[in-house]
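Observations on the three-dimensional arrangement
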Amino acid sequence: MTTDAAYLERAIELATSNVASNGGPFGAVIVAADGQAFDGVNRVTANNDPTAHAEVTAIRTACAALGTFDLSGAVLYTSCEPCPMCLASALWARVDRVVFAADRHDAARAGFDDAVFYEYFQTPVEERSMPVIQISGESRNDPFDAWKTAANRTEY
């Protein structure tokens, strides 16, 4: 059985080697409930994909390989404290636990400052830097009504 420290070291190694591959200094490993491990690295600039954080790529890889969107029982090991997007992704994937090495302050000292994102959610809606506006029309619930009556839906 591999330990938390060993998987965390793997995430750190992935992060470090990813820098030489034009990626960001972040790595992650998802260990599924059955013990299978899936790697992910940051490919934001390499792929021009702002969502290609290491944690998200590890979750995508694990879900594709396992044929599920539900990673209940899994552990996410990551070289750095997950940003709000990555943490939300882990929550959506039903990951049981997250273990990280460097924290958000270490990342900020290296030029990766997520403080603006944490602060965004703490700021009153009317004062946020990016407005999110609801325009409520009569058809706003049509997609949900269709979902509720769909016989072939997959709950998640």
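Residues numbered from 1 in each chain as written. Predicted model: local features only at pLDDT ≥ 70, side-chain atom pairs only at ≥ 80, totals over all residues. Heavy atoms only, no water.

As annotated in an unreviewed UniProt entry, the chain carries the name Nucleoside deaminase and is attributed to Arthrobacter gallicola.

So, on to the packing of aromatic side chains. The full count for this structure, using the stated rule, is 6 aromatic pairs. Between Tyr120 and Phe121 the ring centres are 5.3 Å apart and the planes differ by 85°, which places this aromatic pair in the edge-to-face class. Given the relative accessible area of 14%, Tyr120 is considered buried. By way of ring pairs, the aromatic residues Phe69, Trp92, Trp147 and Tyr156 are connected into one cluster. A cation over a ring is seen here: Arg104 above Tyr118, with NZ or CZ 3.8 Å from the ring centre. The ring of Tyr120 has Arg128 lying over it, and the distance from NZ or CZ to the ring centre is 4.9 Å. (Phe/Tyr/Trp six-rings, centres within 6.5 Å; stacked < 30°, edge-to-face > 60°. Buried < 20%, exposed > 50% of the residue type's maximum accessible area, 1.4 Å probe, protein only. Lys NZ or Arg CZ within 6 Å of the ring centre and 35° of its normal.)

A few words on the state of the cysteines. Here a disulfide denotes a covalent bond joining the sulfur atom of one cysteine to the sulfur atom of another. A full pass over the atoms with the stated rule returns 0 disulfides. Between Cys83, a cysteine without a disulfide, and Cys86, which holds the nearest cysteine sulfur, the sulfur-to-sulfur distance is 3.7 Å. The exposure class of Cys83 is buried, given its relative accessible area of 8%. (Disulfide = S-S within 2.5 Å.)

The subject of this paragraph is the side chain of Glu81. When you line up the elements, Glu81 lands in the loop between β3 (75-80) and α4 (84-92). Take Glu81: its relative accessible area is 16%, and that puts it in the buried class. Side-chain polar atoms of Glu81 contact the backbone nitrogen of Arg104, separated by 2.9 Å. When sequence neighbours within four positions are dropped, the list of residues in contact with Glu81 reads Phe100, Ala102, Asp103, Arg104 and Tyr118. (Helix = DSSP H or I, 4+ residues; strand = E, 2+ residues; numbered from the N terminus. Polar contact = N/O pair within 3.5 Å; in protein donor to acceptor, adjacent residues only side chain to side chain. Contact = heavy atoms within 4.5 Å.)

Next up on the list: α4. Considered for burial, the residues of α4 that qualify are Pro84, Cys86 and Ala90. Seen end-on, α4 carries its buried residues on one side only, within an arc spanning 165°. With respect to the buried face of α4, the exposed residues turned more than 90 degrees away are Leu91 and Trp92. Here the buried face of α4 lies against α3 (54-66), β3, β4 (97-102) and α6 (115-122). Once α4 ends, the next one or two residues include Arg94, with phi positive near 65°. (Arc of directions from axis to C-beta.)

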